[in-house]
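Reading the structure
Chain by chain, the residues:
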Amino acid sequence: MASTTESRTAGRSLPQPSDLLLVQRGSAPYRATAEEVKAFMLSPATAVAIGAIKPGTNLSVDADGTLHAAIPGALTYRGAIAPTTTEAPAGAEAGDVYIASSSGPAMASWSGIAGADIAQGDLLLFEGTTWSSNAALGPDGAGVIRIQVAAPLVVDETDPAQPMLSVALATAEAPGVVQLADPLALADGTPGRVVDAAQLQAAIATAQPAGDYMPLDLSSLPALP
């Protein structure tokens, strides 16, 4: 007794290049031979036409059709890590970059920089087998490693990946930022507010109008010798 598959294919020939394929979308039919469809599907793609492509340099394809790209020299930022108290990432891949969140000697698992003094904010790059610190990110060997400032600028490196830059307030002993006094602050004598030359000139003019002189009692002056 013939199987179901055999009964369905009995008397049919194998597909031929001249077989006609018919597709209808709405009332518009489209037809092409199997050979034409094959040629269309295997025609190389161009900048203006859809077609077939094949993996090139640094590209690979899985059995299920998934395409992968391996870019030599590419860096992947992985976040902050404390190399002084945390083991080196076991699954690190070449190009992984971390920012050190602590200062001190690196643990032994950090091959290449084990025992080396690491500063908070240093860049840690995995080169495939070993680690290096203060890795340069720029193509010319330059990169921002740390923000160094002088007073009155202040840097908060609590999160080394996102340092916060601020300016200290001015005091009588140290430079810094100030805020001008508005009329209300002038009237109230608000501490910490300052006046500029224009405000000072206006205040003097109000207290002593031009051409108006303050009387002076000569009897209050000391006698001449």
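Our subject is the structure that appears above.
The following paragraphs examine the structure supplied in this document. (Residues numbered from 1 in each chain as written. Predicted model: local features only at pLDDT ≥ 70, side-chain atom pairs only at ≥ 80, totals over all residues. Heavy atoms only, no water.)

Scanning the protein from N- to C-terminus turns up four helices and 14 strands. As displayed, the protein offers around 17100 Å² of accessible surface, 60% of which is attributable to carbon and sulfur atoms. (Helix = DSSP H or I, 4+ residues; strand = E, 2+ residues; numbered from the N terminus. Areas by Shrake-Rupley, 256 points an atom, 1.4 Å probe, with all protein chains shown as cover.)

What follows covers the nonpolar core. Ile81, Ala88, Ala92, Tyr98, Ala100, Ala106, Trp110, Ile113, Ile118, Leu124, Phe126 and Trp131 together form the largest nonpolar core, which totals 12 residues. Those elements that provide at least two residues to this core are strand S6 (96–100) and strand S9 (123–126). With residues up to four places along the chain from it excluded, the contact list for Ala106 reads Pro83, Ile113, Ala114, Gly115, Ala116 and Ile118. (Core = buried A, V, L, I, M, F, W, Y, C linked by side-chain atoms within 4.5 Å. Buried < 20%, exposed > 50% of the residue type's maximum accessible area, 1.4 Å probe, protein only. Contact = heavy atoms within 4.5 Å.)

This next bit is on the pattern of salt bridges. One pass over the full model with this rule turns up one salt bridge. With a shortest N-O distance of 3.1 Å, Asp96 and Arg78 are connected by a salt bridge. One end of the pair, Asp96, is in strand S6; the other, Arg78, is in strand S5 (residues 76–81), with 18 residues separating them in the sequence. Looking at Asp96, the relative accessible area reads 3%, which means it is buried. Judged by its relative accessible area of 44%, Arg78 falls in the partly exposed class. (Salt bridge = Lys/Arg side-chain N within 4 Å of Asp/Glu carboxyl O.)

The next subject is unusual backbone geometry. Going from Ala151 to Pro152, the amide bond is cis rather than trans, its omega being 15°. Here Pro152 is to be found in the loop between strand S10 (131–133) and strand S11 (153–156).

Counting across every chain of the model gives three aromatic pairs. Considering the side-chain rings of Tyr98 and Trp131, the 5.9 Å spacing of their centres and the 55° angle between planes classify their relative orientation as tilted. In this pair, Tyr98 sits in strand S6 while Trp131 sits in strand S10, placing the two residues 33 residues apart along the sequence. Like Tyr98, the residue Trp131 is buried in the burial classification. (Phe/Tyr/Trp six-rings, centres within 6.5 Å; stacked < 30°, edge-to-face > 60°.)

Here Thr84 is to be found in the loop between S5 and S6. The contacts of Thr84, once residues within four sequence positions are left out, are Ser102, Ser103, Gly104, Pro105 and Met107.

On to a nonpolar patch on the surface, then. Side chains of Ile147, Val149, Leu153, Leu165, Val167, Leu169 and Val177 sit close together on the surface and give an oily, nonpolar patch of about 570 Å² of accessible area. Locating Leu169 in the fold gives a position in the loop between strand S12 (164–167) and strand S13 (179–180). Judged by its relative accessible area of 65%, Leu169 is exposed. (Patch = residues over 30% accessible without salt bridge, like charges linked within 9 Å, V, L, I, M, F, W, Y side chains within 5 Å.)

Right, let's get into the sheet that holds S9. Strand order across the open sheet formed by four strands is S5-S6-S9-S10, with mixed pairing between neighbours. Looking at strand neighbours, the two that pair on one side only are S5 and S10, the edges of this open sheet. Strand-to-strand twist of the sheet, defined as the mean angle between neighbouring strand axes without regard to direction, takes the value 25°. (Pairing = 2+ DSSP bridges. Axes fitted to C-alpha atoms, helices over the stretch in contact; angles between N-to-C directions.)

On to the pairing of strand S1 (residues 20–25), then. Burial within S1 is sparse, with just zero of its six residues counted as buried. Note: S1 against strand S2 (residues 28–33), six bridges, orientation antiparallel. Within S2, the residue paired with Leu21 across the bridge is Ala32. The loop that links S1 with its antiparallel partner S2 comprises two residues; one of these, Gly26, has a positive phi angle of about 65°.

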